[in-house]
Amino acid sequence: AQKVTQAQTEISVVEKEDVTLDCVYETRDTTYYLFWYKQPPSGELVFLIRRNSFDEQNEISGRYSWNFQKSTSSFNFTITASQVVDSAVYFCALSEAGTYKYIFGTGTRLKVLA
Amino acid sequence: SQTIHQWPATLVQPVGSPLSLECTVEGTSNPNLYWYRQAAGRGLQLLFYSVGIGQISSEVPQNLSASRPQDRQFILSSKKLLLSDSGFYLCAWSVTRTGSSTEAFFGQGTRLTVV
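Residues numbered from 1 in each chain as written. Chains lettered and ligands numbered in written order. Predicted model: local features only at pLDDT ≥ 70, side-chain atom pairs only at ≥ 80, totals over all residues. Heavy atoms only, no water.

Student: Please clarify how the overall build of chain B should be interpreted in this entry.
Tutor: Secondary structure summary: chain B contains zero helices and 13 strands in total. Mapped in sequence order, the helices and strands of chain B form the string β-β-β-β-β-β-β-β-β-β-β-β-β. For chain B, whose C-alpha radius of gyration is 14 Å, the value lies close to the compact-globule estimate of 13 Å for 115 residues. Here the C-alpha coordinates of chain B stretch approximately 45 × 25 × 20 Å along the principal axes. The buried share of chain B, taken over its 115 residues, is 50%. Within chain B, contacts between residues at least 6 apart in sequence are counted, and of these 55% link residues at least 24 apart. Per element, the accessible surface of chain B, about 5,400 Å² overall, is 51% carbon and sulfur. (Helix = DSSP H or I, 4+ residues; strand = E, 2+ residues; numbered from the N terminus. Rg over C-alpha atoms; globule rule 2.2 N^0.38 Å. Buried < 20%, exposed > 50% of the residue type's maximum accessible area, 1.4 Å probe, protein only. Contact = heavy atoms within 4.5 Å. Areas by Shrake-Rupley, 256 points an atom, 1.4 Å probe, with all protein chains shown as cover.)

Shown next, in the form of structure tokens:
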């Protein structure tokens, strides 16, 4: 069965600090896809990144970076030099090939304090 | 470009009243469509998804139903709302390319309060 665990319910950091959001997933499939979404206070989910199970390369996009490790079934998200605008709820999600379903974790609320 | 429209943005309904939330997608054909619910301070729960007209898969037995009368239209309904139906409802779409799951794109959501 598919499962995504985001153990960190809420994190507070001071602006300019680095912060890592953890995501651990469970799947029996060898082909699957992992995602991160940002939910600002407005409520709409904003897509950040998609990763497939065959690509373990880490990715960097500006202040955002993602660390995918199949050995530990983790797909962690790091924000470098955090800003107040990064304050939001962040969701990790998993989709097994051919299932059409996206299973989300419970989210991590990030508060960046000025 | 593709866009997704979801309405209404906010809804307050009495217990026992019916519900109809509508979602439409533009700019793509044969999308996969989804309804998720987010209870206050909690994660996203998949309610229904559809891979084609008239094809509905239900994930959680509940007081709700879904229909897909047209390729890019997805409707969430209830005959009689319960207090526990309160929450934030999100519609989403995705496409499948040669067996791979693309990312899902979400509407702006409907905040439903049952009183």
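More follows now that the structure is in view.
Student: Explain the side chain of Gln8 of chain A to me, please; I cannot follow it from the model alone.
Tutor: Tracing the sequence through the fold places Gln8 of chain A in the loop between β1 (3-5) and β2 (10-14). Within the local environment of Gln8 of chain A, its side chain forms a polar contact with the backbone oxygen of Thr20 of chain A, the two atoms lying 3.2 Å apart. (Polar contact = N/O pair within 3.5 Å; in protein donor to acceptor, adjacent residues only side chain to side chain.)

Student: I'm lost on the side chain of Gln39 of chain A in this one. Help?
Tutor: Residue and element names in this part refer to chain A. Mapped onto the elements, Gln39 comes out in strand β5 (residues 32-39). With relative accessibility at 8%, the residue Gln39 sits in the buried group. Among the polar contacts made by the side chain of Gln39, one reaches the main-chain carbonyl oxygen of Gly43 at a distance of 2.8 Å.

Student: Quick question: what am I supposed to make of the interface of chain B and chain A here?
Tutor: Interfaces are frequently sized by the accessible area removed from exposure as the parts join. With 24 residues of chain B at the interface, the matching set in chain A holds 21 residues. Here chain B meets chain A over a buried area of about 1,900 Å², counting both sides, of which 55% is carbon and sulfur. Counting the surface chain B buries against chain A, the share from its top three residues, Leu44, Ser101 and Phe106 of chain B, is 28%. Inspection of the region where chain B meets chain A yields one salt bridge. Residue assignment for the side of chain B that touches chain A shows that the elements contributing at least two residues are β4 (32-38), β5 (44-52), β9 (87-94) and β11 (100-101) of chain B. For the side of chain B that touches chain A, the residue count by class is 10 nonpolar, 11 polar and three charged. (Buried area = accessible area lost by both parts, 1.4 Å probe. Salt bridge = Lys/Arg side-chain N within 4 Å of Asp/Glu carboxyl O. Nonpolar A, V, L, I, M, F, W, Y, C, P; charged D, E, K, R; others polar.)

Student: Sorry if this is basic, but what is going on with the sheet that holds strand β3 (residues 19-26) of chain B here?
Tutor: Two strands in a sheet stick together by hydrogen bonds in their backbones, pointing the same way (parallel) or opposite ways (antiparallel). Residue and element names in this part refer to chain B. The antiparallel open sheet is built from four strands, whose spatial order is β1-β3-β8-β7. In this open sheet, the two edge strands, each paired with only one partner strand, are β1 (3-7) and β7 (65-70). Sheet twist, expressed as the average angle between the axes of neighbouring strands with direction ignored, equals 20°. Of the pairings in the sheet, the one linking β7 to strand β8 (residues 73-78) comprises four bridges and is antiparallel in character. (Pairing = 2+ DSSP bridges. Axes fitted to C-alpha atoms, helices over the stretch in contact; angles between N-to-C directions.)

Student: Can you help me understand the packing of aromatic side chains in this one?
Tutor: Two aromatic rings are characterised by how far apart their centres lie and by the angle between their planes. Tallied over the entire structure, the rule returns 23 aromatic pairs over all chains. Ring geometry for Tyr25 of chain A and Phe68 of chain A: centres 6.3 Å apart, planes at 50°, overall tilted. Separated by 43 residues along the polypeptide, Tyr25 of chain A in strand β4 (residues 24-26) and Phe68 of chain A in strand β8 (residues 64-69) bring together distant segments of the chain. Taken individually, Tyr25 of chain A and Phe68 of chain A each receive the classification buried, so the pair is uniform in this respect. Look at Phe35 of chain A and Tyr37 of chain A: their rings are 6.5 Å apart centre to centre, the planes differ by 35°, and that puts the pair in the tilted class. We note that Phe35 of chain A, like Tyr37 of chain A, is buried. By way of ring pairs, the aromatic residues Phe35, Tyr37, Phe47, Phe91, Tyr102 and Phe104 of chain A together with Tyr34, Tyr36, Tyr49, Trp93, Phe105 and Phe106 of chain B are connected into one cluster. Its end group placed over the ring of Phe88 of chain B, Arg111 of chain B keeps NZ or CZ at 4.3 Å from the ring centre. (Phe/Tyr/Trp six-rings, centres within 6.5 Å; stacked < 30°, edge-to-face > 60°. Lys NZ or Arg CZ within 6 Å of the ring centre and 35° of its normal.)

Taken by themselves, the reported measurements are silent on function.
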